[in-house]
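Notes for the structure review
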Amino acid sequence: MAELPEPAAKRLQRPSWRNTRLLVGVVLILLGTVLGAKVVASADDTVPMYAASATIRPGDHLTADNLRRVDVQLGAESSRYLSARTVVADDSYALRDIPEGELVPLGAVGGRGAVSVQAVTVEVDANSARGLPANATVDVWVSPRDLQSTQERYLDATLALQRVSVTPVTQDSGRFGASSSTMAVQLRVPREKVAEVIGAVDKQARFTLVPVPGQGS
């Protein structure tokens, strides 16, 4: 019987840089490395910004007591917020509400002269104030006193202020509370309404607070 021919062994050849598949593989590895490095770098591309450490109300002075630094990724949006790269200017006041934990928009910050509200302390109906959360937002209803009556009588209430911030002059665990029929609170009143509110106080009007819907209890 004739013997079958043995196949000749092929000698392994060293890969050549001219091998197309090898070049493609190397390029893909390099691209993956570069893209991965960019992803990691962008993950660390944060900027320091100021956020409200407590609820900030219109007219509040912005200081280390109500601001904290946070490092966030904002990209081009960073120009819209108050940077923590520098110290906050002394003449920096809140022009509107800034909820606790939120970044401070540049549009919500201005000098003292730009503040459009003033703090006015008034006595309000205690029942309407009890149970309100600290730093609440309320509508204020005013019932003029009937000065023609010898008894303590009040006329129909009218809506005097809408969506104003209110804080108690004396706080108890961050909540309003009083044992008498009235209690003192501080209202952030628009400048154009200050004279009207003071006039109502002078005429012994009764102030009643109505919370704006959607607030915590």
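Anything mentioned here points back to the structure above.
What comes next is a walk through the structure. Quick caveat, the model's predicted, so the values are computed rather than measured.

**With respect to the side chain of R188**
With respect to the helices, strands and loops of the structure, R188 is situated in strand β8 (residues 182-190). In this structure R188 comes out as buried when scored by relative accessible area, which is 13%. From its side chain, R188 meets the backbone oxygen of P58 in a polar contact 2.6 Å long. Separated by 3.0 Å, the side chains of R188 and D60 make a polar contact.

**Here's the deal with the side chain of R57**
Tracing the chain through its elements places R57 in the loop between β1 (47-52) and β2 (67-72). The exposure class of R57 is buried, given its relative accessible area of 7%. Among the polar contacts listed, one links the side chain of R57 to the side chain of D97, at a separation of 3.1 Å. A polar contact is formed between the side chain of R57 and the side chain of T137, at a distance of 3.4 Å. In this structure, R57 is in contact with A94, R96, D97, N135, A136, T137, S165 and R188, ignoring residues within four places of it in sequence.

**What about the packing of aromatic side chains?**
Counted by the stated rule, this structure contains 0 aromatic pairs. Sitting above the plane of the Y154 ring, R206 keeps its charged end 4.5 Å from the centroid.

**Looking at unusual backbone geometry**
Phi is positive for R163, which is not a glycine, with a value near 50°. With respect to the helices, strands and loops of the structure, R163 is situated in strand β7 (residues 158-168). For R163, a relative accessible area of 59% translates into the label exposed. Unlike most non-glycine residues, Q204 shows phi in positive territory, near 65°. Inspection of the secondary structure assignment puts Q204 in the loop between α3 (194-202) and β9 (206-211). Under the relative-accessibility criterion, Q204 is labelled partly exposed at 42%.

About the criteria used
Residues numbered from 1 in each chain as written. Predicted model: local features only at pLDDT ≥ 70, side-chain atom pairs only at ≥ 80, totals over all residues. Heavy atoms only, no water. Helix = DSSP H or I, 4+ residues; strand = E, 2+ residues; numbered from the N terminus. Buried < 20%, exposed > 50% of the residue type's maximum accessible area, 1.4 Å probe, protein only. Polar contact = N/O pair within 3.5 Å; in protein donor to acceptor, adjacent residues only side chain to side chain. Contact = heavy atoms within 4.5 Å. Phe/Tyr/Trp six-rings, centres within 6.5 Å; stacked < 30°, edge-to-face > 60°. Lys NZ or Arg CZ within 6 Å of the ring centre and 35° of its normal.

By themselves, these figures tell us nothing about what the structure is for.
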